[in-house]
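# Results of the structural survey
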Amino acid sequence: MSTFKAPKGTYDLTPPDSAKYLAVREALAAPLKNSGYGYIETPGFEDVALFSRGVGESTDIVTKEMYTLTTKGGSQLALRPEGTASVLRAALEANLHKLGNLPVKLWYSGSYYRYERPQKGRYRHFSQVGAEAIGAEDPALDAELIILADQAYRTLGLRNFRILLNSLGDKECRPVYRDALQGFLRELDLDEETRRRIEINPLRVLDDKRSEVQKQLVGAPVLRDYLCDACKAYHEEVRDLLSAAGVAYEDDEKLVRGLDYYTRTTFEFVHDGLGSQSAVGGGGRYDGLSEMIGGPALPSVGWALGVDRTVLALEAEGVELELPATTSVFAVPLGEEARRVLFGVVTQLRRDGVAADFAYGNRGLKGAMKSANRSGARFTVVAGERDLAEGVVQLKDMESGEQTAVPLPEIAGTIRECLAR
Ligand code: AMP
């Protein structure tokens, strides 16, 4: 072991488990690729101000959890704590919204960084697959995203998740509610930090996990009673579309989420087998974000699904993903001459598109056969001096144990035929 370890709150993905992560990442993205979303990749760091202005000055993400740094040139940067602000920034910078094809639908996948207190399901480096639909106000778009996330989780085999749904109102009705809520909260017995939060973002106080706070929140004004007619109608339409698609959801008026940019539709996918870090994914509408970061009015909606927590949720449900074997053929040479010959066979198979591997390092027949077994290969090709003298190699079917001599020039073709069967 080296003297170095992965930094606190992070972990490495190593084989064989890493294959599962890769499969989950791909499965989460698959429905998007099939629904008009184009791939976007942005840098791992951005101007700090993008997040403080976009995600919100009062959020934990911005005040406590950002990894910030000053470059040698004096720029203030932050490792990205989330994807939406970056993706919108990139879309605006590339003028994607001006190409006349709204909404601009984008998907992404990558690493995110938050300086959080690490625990199971909460890391300082984690992975998300995300989607953003920029520049359209249409309840069908909100519904589409929720349906696609539901589809992704179901395709993976997840069952014990629930969809929580809420509307946070818009710039007409939210301020009225905000005033009412502030009036209520100012009368409560709260600490200084929470009092400050009342003034900056009172909705976030509703999200406070402490029981002494929750106890006092009984009877707080609820947003639902303040939604304007337009927001109500919009929300009803989203709910109807979800129901028509057979996607079950629960209304959760307390769902405010930890980012300030949300308006109208917000939702979270929670899994009941994960303990306190139960959110496997979440998102919502952010109609004002573009203007907050200096762009034109572009009503938009998006989500991010956590890869790490989805893997944990699959484990909690005991779902085994069917991962294809990474090696179809494993070559075991006995002796120098066989090494050269079988290395050639492996090279040929790979060029033909067959997944093949080789027993490196002169470990003897027993060790080499162990590697062949571990590789999960369907066939092993073994050759020793006597085989080569006869112009053949031994093809062993690892399932039946059956072994046949195949003339050397025919081995690649024979293997392709056997694998195609
Ligand atoms: P958020 O941007 O906070 O809504 O996060 C979206 C999803 O990313 C969550 O539902 C989690 O699955 C995942 N996620 C967020 N923060 C973390 C973290 N610190 N560790 C692991 N996964 C996270």
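Residues numbered from 1 in each chain as written. Predicted model: local features only at pLDDT ≥ 70, side-chain atom pairs only at ≥ 80, totals over all residues. Heavy atoms only, no water.

### A word on the pairing of strand 5 (residues 104-113)
Counted only if it meets this: Type-normalised accessible area, obtained with a 1.4 Å probe on protein chains alone, sets the label of each residue: buried when under 20%, exposed when over 50%, and partly exposed for intermediate values. Only DSSP runs of H or I reaching four residues or more are called helices, and only runs of E reaching two or more are called strands; each is numbered from the N terminus. The criterion for strand pairing is that DSSP finds at least two bridges linking the strands in question.
Of all 10 residues that make up strand 5, 7 are buried, and the element is covered over most of its length. As judged from the 2 bridges shared by strand 1 (residues 38-39) and strand 5, these two strands associate in the parallel manner. The residue of strand 5 that forms the bridge with Tyr39 is Trp107. Both strand 5 and strand 6 (residues 125-134) contribute to a ladder of 10 bridges, which runs antiparallel. Residue pairing across strands places Leu106 opposite Glu132, the latter belonging to strand 6.

### Overview of a positive patch on the surface
The line we're drawing: Patch definition: residues with relative accessible area over 30% and no salt bridge; like charges joined within 9 Å; nonpolar side chains (Val, Leu, Ile, Met, Phe, Trp, Tyr) joined within 5 Å. Here the accessible surface of atoms and residues is derived via Shrake-Rupley with a 1.4 Å probe, and residues count as covered only by protein chains that are part of the display. Any carboxyl oxygen of Asp or Glu that lies within 4 Å of a side-chain nitrogen of Lys or Arg is treated as forming a salt bridge with it. The charge count includes Lys and Arg as positive and Asp and Glu as negative, but it does not include His or the ends of the chains. The location of each charge is read from NZ of Lys, CZ of Arg, CG of Asp or CD of Glu.
On the surface, Arg363, Lys366, Lys370 and Arg374 cluster together into a patch of positive charge. Mapped onto the fold, Lys370 is located in helix 13 (residues 364-375). By relative accessible area, which is 52% here, Lys370 ends up exposed.

### Notes on the packing of helix 1 (residues 17-33) against helix 11 (residues 307-316)
The line we're drawing: Working convention: axes come from line fits to C-alpha atoms, limited for helices to the stretch in contact. Angles between N-to-C directions cover 0 to 180 degrees. Angle categories are assigned with fixed cut-offs, so that under 35 degrees is roughly parallel, over 145 is roughly antiparallel, 65 to 115 is roughly perpendicular, and the rest are oblique. Throughout, a contact is declared for two residues whenever any of their heavy atoms are within 4.5 Å. When residue character is reported, Ala, Val, Leu, Ile, Met, Phe, Trp, Tyr, Cys and Pro are called nonpolar, Asp, Glu, Lys and Arg charged, and the others, Gly included, polar.
Their axes nearest at 10 Å, the elements helix 1 and helix 11 cross at an angle of 110°. Judged on the interaxial angle alone, helix 11 and helix 1 are roughly perpendicular. Residue-level contacts link Lys20, Tyr21, Val24, Arg25 and Leu28 of helix 1 to Val307, Asp308, Thr310, Val311, Leu314 and Glu315 of helix 11. Here the residues of the contact of helix 1 with helix 11 are counted per class, giving 6 nonpolar, 1 polar and 4 charged.

### Here's the deal with the pattern of salt bridges
By the definition in use, this model includes 30 salt bridges. For Glu250, the salt bridge identified is with Arg162, shortest N-O distance 3.0 Å. With a gap of 88 residues between them, Glu250 in strand 8 (residues 250-251) and Arg162 in strand 7 (residues 161-167) connect regions that are remote in the sequence. On the accessibility criterion, Arg162 (31% relative accessible area) is partly exposed. One salt-bridge network, in which partners are shared between bridges, spans Asp60, Lys64, Glu193, Arg197, Arg204, Asp207 and Lys209.

### Concerning the nonpolar core
The test is simple: In this text, buried Ala, Val, Leu, Ile, Met, Phe, Trp, Tyr and Cys residues form a nonpolar core when linked through side-chain atoms within 4.5 Å.
Counting 47 residues, the largest nonpolar core has Phe51, Leu88, Leu106, Ile134, Leu181, Leu185 and Leu203 as the members making the most contacts within it. Of all elements in the fold, only helix 2 (48-54), helix 3 (60-63), helix 4 (84-93), strand 5, strand 6 and helix 6 (174-185) reach the threshold of two or more residues within this core. With 6 residues, the top contributor of residues to this core is helix 4. With sequence-adjacent residues up to four places away left out, Ile134 is seen in contact with Val87, Leu88, Ala91, Leu102, Pro103, Val104, Leu106, Tyr286, Leu298, Pro299 and Ser300. If you look at the next biggest cluster of nonpolar residues, it comprises 44 residues, including Ala136, Ala143, Leu145 and Tyr234.

### Brief notes about unusual backbone geometry
The omega torsion of the bond from Pro15 to Pro16 falls at 5°, within 30 degrees of zero and hence cis. Tracing the backbone through its elements, the reader meets Pro16 in the segment before helix 1. The residue after Leu102, namely Pro103, is reached through a cis peptide bond having omega 0°. Assignment of secondary structure puts Pro103 in the loop between helix 4 and strand 5. Positive phi, normally seen in glycine, also occurs at Asn95, with a value near 55°. Considering the arrangement of structural elements, one finds Asn95 in the loop between helix 4 and strand 5. A positive phi angle is found at Arg264, which is not glycine, with a value near 50°. Classification of Arg264 as buried rests on a relative accessible area of 6%.

### Let's talk about the domain arrangement of the protein
The condition is simple: All domain edges in this entry derive from an automatic or database-based domain assignment.
One can read the domain layout of the protein as domain 1 (17-173 + 227-317) and domain 2 (329-420). Put simply, the middle of domain 1 and the middle of domain 2, counted by C-alpha atoms, are 48 Å apart.

### A short note on the packing of aromatic side chains
For the record, the criterion: Two aromatic rings from Phe, Tyr or Trp, using only the six-membered ring of Trp, form a pair when their centres are within 6.5 Å; if the ring planes differ by under 30 degrees the pair is stacked, by over 60 it is edge-to-face, and anything between is tilted. Criterion for a charge above a ring: Arg CZ or Lys NZ at most 6 Å from the ring centre, at most 35 degrees from the ring normal.
Here the structure, examined in full by the defined rule, presents 13 aromatic pairs. On the basis of an interplanar angle of 45° and a centroid distance of 6.1 Å, the ring pair of Phe161 and Phe269 is categorised as tilted. Note that Phe161 is positioned in strand 7 and Phe269 in strand 9 (residues 263-271), a separation of 108 residues in sequence. There is no split in this pair, since Phe161 and Phe269 are both buried. For the ring pair Phe267 and Phe269, a centre distance of 6.3 Å and an interplane angle of 90° mean the geometry is edge-to-face. Judged by its relative accessible area of 0%, Phe267 falls in the buried class. Taken together, Tyr153, Phe161, Phe267 and Phe269 form an aromatic cluster joined through their ring pairs. Against the face of Tyr115 rests Arg124, its NZ or CZ located 4.0 Å from the ring centre. One cation-aromatic arrangement involves Arg264 over Tyr234; the distance from NZ or CZ to the ring centre is 4.7 Å.

### Structural notes on the side chain of Glu46
Note on placement: Glu46 falls in strand 2 (residues 45-47). Residue classification places Glu46 among the buried residues on the basis of a relative accessible area of 7%. Beyond its immediate chain neighbours, meaning those up to four positions away, Glu46 contacts Phe51, Gln76, Leu77, Ala78, Ser86 and Arg89.

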